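Examination of the molecular architecture
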Amino acid sequence: FDQRQQGTPFSALASAFNQYCGILLQSCELSSSRGEMLAHQINHVLGREAHHLAKLIPNLANILCLDTSGIIHDEGCTNAQNRLQYLLCRFVEVISSTFAAPVTLFLDDLQWA
């Protein structure tokens, strides 16, 4: 966790999930069918909204083969925050149901987040 990012919404979760997706990328490279299954599940659940979450989690963009460089968001802050909360919840549902191993997220020093 980077304390300099504390003003960025969801930065602690984004950092944790980015690292998790990096681990998934490495493990899925060993089994391309597993990586394809994960990408399909995430795309199926998140749909066209996946690019919003991929903008927050760069390694997710790599898993989904998305280009997030041209995405421009022109909406209110409240709507964006609600959408990201929803997408993060759905993302956790997907990764926890796709693999046999449970997903554990340990949050420490939340006062910095």
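This write-up is about the structure you can find in this document. (Residues numbered from 1 in each chain as written. Predicted model: local features only at pLDDT ≥ 70, side-chain atom pairs only at ≥ 80, totals over all residues. Heavy atoms only, no water.)

Focus: the overall build of the chain
Applied cut-off: Counting from the N terminus, the helices are DSSP H or I runs at least four residues long and the strands are E runs at least two residues long. Classification of residues uses two cut-offs on accessible area relative to the type maximum, computed with a 1.4 Å probe and protein chains only: under 20% is buried, over 50% is exposed, and between them is partly exposed. The contact rule is simple, with two residues in contact once any of their heavy atoms fall within 4.5 Å. Computed by Shrake-Rupley with a 1.4 Å probe, the accessible areas treat only the displayed protein chains as cover when residues are assessed.
Within the chain, the secondary structure is distributed over five helices and zero strands. Counted from the first residue to the last, the chain has its helices and strands arranged as α-α-α-α-α. A total of 113 residues make up the chain; the buried ones form 31% of that total. Partitioning the contacts of the chain with sequence separation of at least 6, the portion at a separation of at least 24 is 67%. Just so you have it, the chain exposes about 7400 Å², and 53% of that area is on carbon and sulfur atoms.

Some words on the packing of aromatic side chains
A ring pair, where both rings are aromatic, is described by two values, the distance of the centres and the angle of the planes. Quick reminder of the rule: Only the six-membered ring of Trp is used, alongside the rings of Phe and Tyr, when aromatic pairs are assigned; centres must lie within 6.5 Å, and planes under 30 degrees apart are stacked while those over 60 apart are edge-to-face, with the rest tilted.
Inspection of every chain in the model, using the stated rule, returns one aromatic pair. Between Phe17 and Phe91 the ring centres are 5.5 Å apart and the planes differ by 90°, which places this aromatic pair in the edge-to-face class. Of the two residues, Phe17 sits in helix α1 (residues 11–30) while Phe91 sits in helix α5 (residues 77–98), which places them 74 residues apart along the sequence. Taken individually, Phe17 and Phe91 each receive the classification buried, so the pair is uniform in this respect.

Observations regarding the environment of Leu105
Relative to the elements of secondary structure, Leu105 occurs in the segment after α5. Owing to a relative accessible area of 39%, Leu105 belongs among the partly exposed residues under this scheme.

Digging into the pattern of salt bridges
Spelled out, the test is: Salt bridge, as used here: a side-chain nitrogen of Lys or Arg that lies within 4 Å of a carboxyl oxygen of Asp or Glu.
By the definition in use, this model includes two salt bridges. Of the charged contacts, one joins Glu49 and Arg83 as a salt bridge, the two residues approaching to 3.8 Å between their closest N and O atoms. One end of the pair, Glu49, is in the loop between α2 (32–46) and α3 (50–56); the other, Arg83, is in helix α5, with 34 residues separating them in the sequence. A salt bridge links Glu93 to Arg90, with the nearest nitrogen and oxygen atoms 3.2 Å apart. Placement of the pair is Glu93 and Arg90 together in helix α5, with a separation of three residues, close to one helical turn. On the basis of relative accessible area, Glu93 is assigned to the partly exposed category, the value being 44%.

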